[in-house]
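The chain contents come next:
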Amino acid sequence: MQAEAATIAPSGASELIRRARALIFDVDGTLAETEELHRQAFNGAFDCRGLDWHWDRAVYKDLLRVTGGKERIRAYHARQPIAPPLPDGDIAELHRIKTARYAELVETGCCPLRPGVADLLTAARARGQRLAIATTTSHGNIDALLSRALGKRWAADFDAIEAGDDVRHKKPAPDVYLAILARLKLKPSDCVAIEDSANGLIAASRANIPVLITRSIFFRDDDFSDARFVLDDLSELGCPR
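Conventions we followed
- Along each chain, numbering runs from 1 in the same order as the chain's sequence is written.
- The predicted nature of this model means local features are confined to residues of pLDDT at least 70 and side-chain atom pairs, given and counted, to a pLDDT of 80 or more, with totals for whole chains, interfaces and linings taken over all residues.
- Computation of side-chain values covers all heavy atoms of the structure but excludes hydrogens and water.
- Think of a salt bridge as a Lys or Arg side-chain nitrogen and an Asp or Glu carboxyl oxygen that are within 4 Å of each other.
- By definition, any uninterrupted DSSP run of H or I lasting at least four residues is a helix, any uninterrupted run of E lasting at least two residues is a strand, and each is numbered from the N terminus.
- Burial classes: relative accessible area under 20% of the type maximum marks a residue as buried, over 50% as exposed, and values in between as partly exposed (1.4 Å probe, protein chains only).
- pLDDT: the predictor's confidence for each residue, scored from 0 to 100.
- Contact criterion: two residues are considered in contact whenever any of their non-hydrogen atoms come within 4.5 Å of each other.
- For this analysis, a polar contact is any N or O atom pair within 3.5 Å, provided that within protein one partner can donate a hydrogen and the other can accept it, and provided that sequence-adjacent residues contribute only side-chain to side-chain pairs.
- Aromatic contacts are taken between Phe, Tyr and Trp rings whose centres are within 6.5 Å, Trp giving its six-membered ring; a plane angle under 30 degrees counts as stacked, one over 60 as edge-to-face, and the others as tilted.
- In this analysis, axes come from line fits to C-alpha atoms, helices being fitted only over the stretch in contact, and the angle between any two N-to-C directions falls in the range 0 to 180 degrees.
- For classification purposes, an angle smaller than 35 degrees is called roughly parallel, one larger than 145 roughly antiparallel, one from 65 to 115 roughly perpendicular, and anything else oblique.
- Under the convention adopted here, Pro, Cys and the residues Ala, Val, Leu, Ile, Met, Phe, Trp and Tyr are nonpolar, Asp, Glu, Lys and Arg are charged, and Gly plus all remaining residues are polar.

Trainee: Quick question: what am I supposed to make of the pattern of salt bridges here?
Mentor: In a structure, side chains of opposite charge can pair up when their charged atoms sit close to one another. Inspection of the entire model under this criterion finds 23 salt bridges. With a shortest N-O distance of 2.7 Å, Arg 39 and Glu 36 are connected by a salt bridge. Note that Arg 39 and Glu 36 are positioned in helix H3 (residues 35–48) at a spacing of three residues, about one turn of the helix. With a shortest N-O distance of 3.1 Å, Glu 162 and Arg 183 are connected by a salt bridge. A residue pair is termed long-range when its members are at least 10 positions apart, and Glu 162 in strand S3 (residues 160–162) and Arg 183 in helix H9 (residues 175–184) qualify at 21 residues. Arg 183 sits in the partly exposed class, given a relative accessible area of 44%.

This is the structure in structure tokens:
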């Protein structure tokens, strides 16, 4: 089923996009390939706090099944054979340092938007479609990425933004998508969610929103059989107008 979904003609995906009243974007892996920068930022935070932790790409890929940075730190800590309790305050401080380091890395310009993203945003605005963001990352991370990629006034182009700490349960729970639907005052069928991971697909599907997948580096092997369309990147849409 996953292979079948990936071979559907992009023209069908373009039509799905054109007909939507709103496009709802995930951030990490969807708008930009940010996960390698997040990994480096986590390791920088661990070094700063004197921890002998190091997340290589294999470890980090596995940890990405846990949504949310603070949750990821807690999950890794729990796996250690002898691990004294790590207080919430220590986890929050690690995450604060990591977030600052991530912003510094993004500011170097090493993480542009993925192919087709800027064209799709421009075309959607020209069509009068509404734009939204539904993500498990933090508002600070969103702003760091999009201020660099789209300019300091990027948020004015989005009708609703819901981040991980805005809702009780992170993806794959549907909370962030349900919050977006409430803010937009739209039906699920009026929208298209654009995601890159199985957790994101599950979250949007549980909110009954059709999903278009754009494969990213860390989640290329996820099961996307429930997605409406699966693309390698958004440039395959051909900038639908």
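Trainee: What is the right way to read the confidence of the model for the protein chain from this model?
Mentor: Any residue range with low pLDDT should be treated as having predicted coordinates unsuitable for detailed reading. Per-chain confidence: the protein chain averages 93 in pLDDT, with 95% of residues scoring 70 or above. Confidence drops under pLDDT 50 across residues 1–7; counting only partners more than four residues distant or on other chains, this segment forms 12 contacts.

Trainee: How do you make sense of the environment of Glu 236 when you look at a structure like this?
Mentor: With respect to the helices and strands, Glu 236 occurs in the segment after strand S6 (229–231). Among the residues examined, Glu 236 registers a relative accessible area of 31% and is labelled partly exposed. Residues Glu 236 and Ala 13, spaced 223 residues apart in sequence, show a C-alpha to C-alpha distance of 8.9 Å. Contact partners of Glu 236, with chain neighbours within four places excluded, come to Pro 10 and Leu 231.

Trainee: Would you explain unusual backbone geometry in this entry?
Mentor: Trans is the common state for peptide bonds, and a negative phi is the common state for residues other than glycine. The omega torsion of the bond from Lys 171 to Pro 172 falls at 15°, within 30 degrees of zero and hence cis. The backbone of Lys 185 sits at a positive phi, close to 60°, despite the residue not being glycine. One can find Lys 185 in the loop between H9 and strand S4 (191–195). Even without being a glycine, Asn 208 presents a positive backbone phi close to 65°.

Trainee: Explain the side chain of His 38 to me, please; I cannot follow it from the model alone.
Mentor: By the element assignment, His 38 lies in helix H3. For His 38, a relative accessible area of 2% puts it in the buried group. In terms of polar contacts, His 38 uses its side chain to reach the side chain of Asp 28, at 3.0 Å. In contact with His 38, other than residues within four places in its own chain, are Asp 28, Tyr 60, Lys 98, Tyr 102, Thr 137 and Asn 141.

Trainee: Sorry if this is basic, but what is going on with the packing of aromatic side chains here?
Mentor: By convention here, two paired aromatic rings are described through the distance between centres and the angle between planes. Tallied over the entire structure, the rule returns 10 aromatic pairs. Between the aromatic rings of Trp 55 and Tyr 60, the centroid separation amounts to 6.1 Å while the plane-to-plane angle is 25°, which identifies the pairing as stacked. Aromatic pair Trp 55 and Tyr 76: ring centres 5.4 Å apart, planes at 65°, arrangement edge-to-face. One end of the pair, Trp 55, is in the loop between H3 and helix H4 (57–63); the other, Tyr 76, is in helix H5 (residues 69–78), with 21 residues separating them in the sequence.

Trainee: How do you make sense of the packing of helix H6 (residues 88–107) against helix H8 (residues 139–150) when you look at a structure like this?
Mentor: In helix packing, the relevant descriptors are the interaxial angle and the interaxial distance, both defined with respect to the helix axes. H8 packs onto H6 with a crossing angle of 5° between their chain directions and a minimal axis gap of 9 Å. Taken together, the axis directions place H6 and H8 in an arrangement best described as roughly parallel. Contacts between H6 and H8 involve Lys 98, Thr 99, Tyr 102, Ala 103, Val 106 and Glu 107 from the first element and Asn 141, Ala 144, Leu 145 and Arg 148 from the second. For the contact of H6 with H8, the per-class residue count stands at five nonpolar, two polar and three charged.

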